[in-house]
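# Architecture at a glance
What follows is the residue order along each chain.
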Amino acid sequence: LLRILPGREEAAPGRIKPVRARQAASGPSSTLLIWLAAAIPIIIILLVVGMYLQQGSNRQAQFNELLSQAQNEYELGQINAGNAPVAREHYKQALALATQALEMRRADAEAQELQRRAQEALDRVDNVYRLYDLTPLYTYTDPGSDPGRVIADGQDIFVLDRGTARVYHHTLNELGKDLQETEVIVQTGQSVDGGAVGELIDMAWRPDGGDHHRGSLLIMEGNGRLLEYDPILDIVAALPLGGLDQWRTPLVVGTYFDQTKTNFYVLDIGLNQILKYMPTANLYNETPVGYITAEGVDLSGAVDMAIDGYVYILYGDGRVQKLYLGQPEAFDLSGLTEPLSEPTRLGMISYAVFCLKKKK
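We now turn to the structure provided with this report. Note that residues are indexed from 1 along each chain, following the sequence as it is written. The model is predicted, so local features are restricted to residues of pLDDT at least 70 and side-chain atom pairs to those at 80 or more, both for listing and for counting; the totals for chains, interfaces and linings are taken over all residues. Note: side-chain values were computed over all heavy atoms of the structure, leaving out hydrogens and water.

### Observations regarding the pairing of strand β13 (residues 273-277)
The side chains of a regular strand alternate between both faces of the sheet. Working definition: with a 1.4 Å probe on protein chains only, accessible area under 20% of the residue-type maximum means buried, over 50% means exposed, and in between means partly exposed. Secondary structure elements follow DSSP: runs of H or I no shorter than four residues count as helices, runs of E no shorter than two count as strands, and numbering proceeds from the N terminus. Counting buried residues in β13 gives four out of five residues, a clear majority hidden from the surface. Pairing geometry for strand β12 (residues 262-268) and β13, over five bridges, is antiparallel. Paired with Val266 across the bridge in β13 is Leu275. Note on pairing: two strands pair once DSSP finds at least 2 bridges between them. Relative to strand β14 (residues 289-290), β13 runs antiparallel, the two sharing two bridges.

### Here's the deal with the sheet that holds β13
Reading across from one edge, β11-β12-β13-β14 is the order of the four strands in this open sheet, with antiparallel pairing throughout. For this open sheet the edge positions go to β11 (250-257) and β14, each flanked by a neighbour on one side alone. As paired strands, β11 and β12 are joined by seven bridges and run antiparallel to one another. Along β12, the bridge assignment pairs Pro250 with Asp268.

### Notes on the sheet that holds strand β7 (residues 200-206)
Pairing within the open sheet is antiparallel, and its four strands lie in the order β7-β8-β9-β10. Both edges of this open sheet fall to β7 and β10 (235-240), since each of them pairs with a single strand only. Direction aside, neighbouring strands of the sheet carry axes that sit 25 degrees apart on average. Where β7 meets strand β8 (residues 216-221), six bridges bridge the pair, whose relative direction is antiparallel. Angles shown run from 0 to 180 degrees and are taken between the N-to-C directions of axes, each axis being a line fitted to C-alpha atoms and, for helices, limited to the stretch in contact.

### Focus on the side chain of Asp202
Within the secondary structure layout, Asp202 lies in strand β7. For Asp202, a relative accessible area of 1% puts it in the buried group. N or O atoms within 3.5 Å of each other form a polar contact, as long as, within protein, one can give a hydrogen and the other can take it, and as long as residues adjacent in sequence are counted only when both atoms are side-chain atoms. At a separation of 3.0 Å, a polar atom in the side chain of Asp202 contacts the main-chain amide nitrogen of Val253. Every residue pair with non-hydrogen atoms within 4.5 Å of one another is taken to be in contact. Excluding anything up to four places from it in sequence, Asp202 contacts Arg149, Leu160, Arg162, Leu218, Ile219, Met220, Leu251, Val252 and Val253.

### Describing the nonpolar core
Phe63, Leu67, Tyr74, Tyr91 and Leu114 are the most contacted members of the largest nonpolar core, which has 19 residues in total. Going through the elements one at a time, α2 (27-79), α3 (84-104) and α4 (109-126) are the ones with two or more residues in this core. With nine residues, α3 is the largest single contributor of residues to this core. Apart from residues lying up to four places away in sequence, Tyr74 is in contact with Tyr91, Ala94, Leu114, Arg117, Ala118 and Ala121. Here the nonpolar core consists of buried residues drawn from Ala, Val, Leu, Ile, Met, Phe, Trp, Tyr and Cys, with membership extended through side-chain atoms lying within 4.5 Å.

### Brief notes about the packing of aromatic side chains
Any pair of aromatic rings gets described here by the distance separating the centres and the angle formed by the planes. Aromatic pairing here means that ring centres of Phe, Tyr or Trp (its six-membered ring) are within 6.5 Å. Orientation follows from the plane angle: under 30 degrees is stacked, over 60 is edge-to-face, and everything else is tilted. The tally for this structure, following the rule as stated, stands at twelve aromatic pairs. Ring centres 6.0 Å apart and planes at 50 degrees place the aromatic pair Phe264 and Tyr277 in the tilted group. In this pair, Phe264 sits in strand β12 while Tyr277 sits in strand β13, placing the two residues 13 residues apart along the sequence. The exposure class assigned to Tyr277 is buried, which follows from its relative accessible area of 1%. Arranged with centres 5.5 Å apart and planes meeting at 65 degrees, the rings of Tyr312 and Phe331 form a pair that is edge-to-face. Of this pair, Tyr312 sits in strand β16 (residues 311-315) while Phe331 sits in the segment after β18 (327-329), and the two are 19 residues apart along the sequence. By way of ring pairs, the aromatic residues Tyr310, Tyr312, Tyr324 and Phe331 are connected into one cluster. Lysine NZ or arginine CZ positioned within 6 Å of the ring centre and within 35 degrees of the ring normal marks a charge as sitting over the ring. Positioned over the ring face of Tyr310 is Lys322, at 4.0 Å from the centre of the ring.

### Here's the deal with the pattern of salt bridges
Each reported salt bridge corresponds to a side-chain nitrogen of Lys or Arg within 4 Å of a carboxyl oxygen of Asp or Glu. Considering all chains together, one arrives at 14 salt bridges under this definition. Salt-bridge contacts for Arg116 lead to Glu120; the nearest nitrogen and oxygen are separated by 2.8 Å. Highlighted residues: Arg116 and Glu120, both in helix α4, separated by four residues, approximately one helical turn. Judged by its relative accessible area of 36%, Arg116 is partly exposed.

This is the structure in structure tokens:
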């Protein structure tokens, strides 16, 4: 540095002060630098702590604001209790705000309580009844398992697993809380009455009464036979079906007991018709009749059917068509906060609910 200063080119290197001398001459400056170097980390720590405390204060203020807004929305929902649509929107907002507050402080008791009350109020408006403490009865672990249709009668629960092409028979214990037995009663490829079982299409329950002395399970398979399982005798028999030449794409089956006999129905989307079988001495071996008599009924997109005197057809887009004596009847799915999204099953519930949950 000394050599590049102007007018100092003639300075001899030997005249430069020794390094030791210059260090001794700058002692106070070195001490100051040492103190500054030590202070910088302390200053940074203080700044970080201050910013952290400030952020904590801001988060607390934000949390309090969310909780206050949620409480206000909940109270507005109560005020508008006589106007269900308005009350629903306020309760939805209260629930969303309380949930957002809990994301900031999950253990806050006040936020948890407000979230619970908002959810209960929303359920009351929507006529929703939540089922708690559901007991898992059985887990389908086989590869490709896809259980769908469920039929329950007393202690007997039947499940059609289309993925593994099996029908399971589960038996509840006397308390009705656990299973005491599980067996596969029918599966594709099994030999029944001298013939191999084909694709399992669907199944329905045939109640006891009238021409039938005890309840049995009817299983329709793709080879054109109707399999009947008697849970008392624990046997499967193959029964002939009439009118197989009419079949195109049978998808869903159902039954209806009319106080004297049990009729059997097949929804065929390829035929665009519901085939109605009325029993004879040889069960359902007679040619069926077309149930739908009205023009313009389109079964394409249908995914399920339920019968209680009326016939209800569920479509994959969420629509439900109601028919009586083959003619469309006015029917509206009212009270739903959101339209049905890709529904797959439609059922008539009497006194018990059995749910299937896919394993993810």
